[in-house]
Amino acid sequence: MDEVQITLPDGRVGVFPKGTTIKQVFEALGLKDSIIGAKVNGKVVDFWYELESDATVEPVSLDSPEGLYLIRHTAAHVMAEAVQKLFPGEVKVTIGPVIENGFYYDFDFPRGFTPEDLEKIESKMKEIVEENKPLVRKKVSREEAIRIFREAGETYKIEIINEIPPEEQITIYEQGDWFDLCRGPHAPSTGFVKAFKLLSVAGAYWRGDERNPMLQRIYGTAFSNERDLTEYLTRLEEAKKRDHRRIGKELDLFSIQDEIGPGLVLWHPKGARVRRVIEDFWRKEHERCGYDILFTPHIARLDLWKTSGHLDFYSEYMYPSMEVENTAYQLKPMTCPFHIMIYKSRIRSYRELPLRWAEVGTVYRYERSGVLHGLLRVRGFSQDDAHIFCRPDQIEEEVLGVLDLTVFFLRTFGFDDYEVYLSTRPEKFVGSEEEWDKATRALQSAIESKGLKYSVDEGGGAFYGPKIDLKIKDVLGRAWQCSTIQVDFNLPRRFEISFVGEDNLRHTPIMIHRAIFGSFERFFGILIEHYGGAFPLWLSPVQVRIATISDTHIGYAEEVYNILRQENLRVEKDFRNEKLGLKVREAQLERIPYLLVIGNKEVENKTVAPRKLGGKNLPSMKVEEFLRLIEKENNPYKWREVENYS
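Residues numbered from 1 in each chain as written. Predicted model: local features only at pLDDT ≥ 70, side-chain atom pairs only at ≥ 80, totals over all residues. Heavy atoms only, no water.

1. Quick notes on the sheet that holds strand β10 (residues 170–175)
The strand order across the open sheet formed by three strands is β9-β10-β11, and the pairing between neighbours is antiparallel. Every other strand in the sheet has two partners, leaving β9 (135–140) and β11 (178–181) as the edge strands with one partner each. This sheet shows a mean twist of 25 degrees between the axes of neighbouring strands, independent of strand direction. (Pairing = 2+ DSSP bridges. Helix = DSSP H or I, 4+ residues; strand = E, 2+ residues; numbered from the N terminus. Axes fitted to C-alpha atoms, helices over the stretch in contact; angles between N-to-C directions.)

2. Some words on the pattern of salt bridges
Applying the stated rule across the entire model yields 52 salt bridges. One salt bridge connects K240 with E237, and the closest N-O pair in it is separated by 3.4 Å. Taken together, the residues K240 and E237, both in helix α6 (residues 226–241) and three residues apart, mark about one turn of the helix. Within this structure, E81, K85, E131, K133 and D177 form a network of salt bridges that share partners. (Salt bridge = Lys/Arg side-chain N within 4 Å of Asp/Glu carboxyl O.)

3. Observations regarding the nonpolar core
Formed by 64 residues in total, the largest nonpolar core has its most connected members in V399, F413, I468, I472, F517, L527 and L539. No other element matches helix α12 (residues 395–412), which puts eight residues into this core. Setting aside its immediate chain neighbours within four residues, F517 contacts I278, W282, D384, F409, F413, C482 and F523. Counting residues in hydrophobic clusters, the runner-up holds 32 residues, among them A76, F103, F192 and A222. (Core = buried A, V, L, I, M, F, W, Y, C linked by side-chain atoms within 4.5 Å. Buried < 20%, exposed > 50% of the residue type's maximum accessible area, 1.4 Å probe, protein only. Contact = heavy atoms within 4.5 Å.)

4. A look at helix α2 (residues 65–86)
Across its 22 residues, α2 extends 31 Å between first and last C-alpha, which sits within 8% of the 32 Å expected from 1.5 Å per residue. When you tally the buried positions in α2, you get 17 out of 22 residues, the bulk of the element. (Expected span 1.5 Å × (residues − 1).)

5. Focus: unusual backbone geometry
In this structure, the amide linkage connecting G184 to the following residue, P185, adopts the cis form with an omega of 0 degrees. Among the secondary structure elements, P185 is positioned in the loop between β11 and β12 (195–205). Cis geometry marks the peptide bond from L353 to P354; its omega dihedral reads 5 degrees. Within the secondary structure, P354 is located in the loop between α11 (336–343) and β20 (355–364). A positive phi angle is found at N101, which is not glycine, with a value near 70 degrees. Relative to the elements of secondary structure, N101 occurs in the loop between β7 (98–99) and β8 (102–108). In this structure N101 comes out as partly exposed when scored by relative accessible area, which is 36%. Of note, the phi angle at N132 is positive, near 50 degrees, even though the residue is not glycine. Within the element layout of this structure, N132 appears in the loop between α3 (115–131) and β9. By relative accessible area, N132 is classed as partly exposed at 40%.

Put into structure tokens, the structure is as follows:
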């Protein structure tokens with residue numbers, strides 16, 4: 001009989017018959033209750049996995065990330081069984097994957113699920129968990145699978161089966177009398193799904209195509225214990241309070257209106273003030289770092305996008321072209337070709353390089369309506385885009401400069417925690433392996449020289465070059481993809497741009513694409529949620545509000561208002577004939593950093609009585625003292641030195 005040799009993390013070696021399952025291996029070694037699955041040569045598998053060749057086998061514990069994946073995948077099946085048991089004959093199942101922080105399952109259920117339905121589904125899930133049903137993996141032929149699901153009336157499953165490659169084994173997972181088409185892996189039994197919660201219902205088109213039927217998607221989450229579930233649900237509630245869509249409406253920052261179109265953002269005066277502050281700071285720092293600021297059109301001839309390759313590789317995200325004077329034009333999805341054409345407008349020398357060009361460029365990309373999400377996923381947005389044209393020997397130095405600028409920006413806006421990823425050469429790529437290796441080493445060296453911890457995303461680079469991605473973490477620990485640095489061998493060749501080298505020959509420059517915020521819309525949405533709308537003073541749309549106690553104080557309050565305006569503070573008046581308590585509450589709800597109260601004492605002594613956001617009353621002081629008090633808070637370079645923000 002053929003045998004396989006398995007090696008455990010502790011160095012132990014075991015020999016088993018070929019085809020032995022992970023369950024049998026662990027039973028032979030003395031299975032622990034806390035083991036839920038395994039990693040075979042790094043791949044997560046369940047107890048039904050059959051060993052066909054020598055392998056390294058690592059047990060997966062209940063409380064590991066891999067164990068959590070198995071729990072959540074099993075929870076999706078438990079939920080699907082509960083739904084079909086509660087609504088027999090009414091519901092067809094489609095797909096139920098694990099996602100970040102949980103799972104979902106899509107159902108064809110004509111009437112839709114109500115909050116009351118979710119409660120019933122949760123109760124039925126608890127019954128199924130209590131039964132502790134084993135999940136049994138069963139291999140079936142394609143013909144048998146089609147027969148099984150045709151008899152069950154599961155038409156979506158038949159469609160999926162017909163798309164499975166002929167060489168792939170079809171498997172069904174059974175839990176008692178319920179079953180589902182699935183590759184796995186899963187927990188050994190339903191009893192491992194102990195701590196779970198159904199969260200919401202949303203509509204989702206089958207296959208993500210609006211021409212297909214609308215399905216009902218139930219989202220849920222699951223953890224290995226109740227403590228972790230409770231902590232997650234608490235964070236989720238806090239995230240709801242910080243939802244930028246709700247806060248944006250409350251603070252009158254922005255809106256997205258059907259009359260204009262989904263995914264198209266209107267910046268209201270207060271939101272526009274914050275954007276202007278960010279843009280001014282952005283331009284100032286880029287000019288300090290040797291960037292020139294560019295402006296380019298919103299449309300271009302369609303042929304430009306043919307040359308760039310966007311029509312071949314990116315057309316599904318581009319709006320339809322328009323015809324003007326018998327010529328096709330295209331709304332720009334990217335600024336790259338425009339910057340290249342500026343580079344190409346004359347002959348360049350090696351002595352000019354690097355050229356650093358930056359633009360706040362508004363671009364338009366078609367996103368399906370189902371994925372649009374406030375400011376975080378839109379159709380029209382302004383990128384903080386920049387391109388660096390350099391010689392191959394300048395890549396590392398330029399990437400170092402970009403990393404420095406990126407980290408500086410993120411820290412200035414209050415983000416100290418971020419994850420760094422280095423994405424390497426994919427299977428399909430342009431350029432030579434030598435170019436890729438040189439560029440990848442330059443990126444890696446730049447990251448390491450900055451002492452940044454990073455993960456390698458093998459094969460995750462774009463087809464045109466390796467890249468560095470930075471994901472910032474907000475106050476709730478959520479990661480957001482913002483900053484990216486990409487090396488490009490492709491576009492310079494497609495556009496045939498060059499520079500004259502020291503040898504008087506033409507050479508192709510390297511193009512580095514980089515964005516720090518990603519887009520102003522998305523970054524603003526992240527900022528709103530990070531601060532819960534209570535921006536630091538230097539960013540706040542209204543920095544100071546002046547509130548009078550009665551009409552007799554308006555004259556002096558006007559004087560204070562004019563002084564603050566002269567100091568370029570964003571200041572508002574509240575001189576209404578209302579009670580002071582109301583004015584204070586409204587200022588707090590609007591997250592205004594300082595409320596200056598003016599009454600008889602302040603008029604008599606020519607002072608102001610500051611009240612900070614959060615309710616702290618400061619002693620009365622002269623206006624000049626107040627200006628000195630907030631000087632650091634109103635300085636983007638120093639605001640974090642202030643006690644409240646350190």
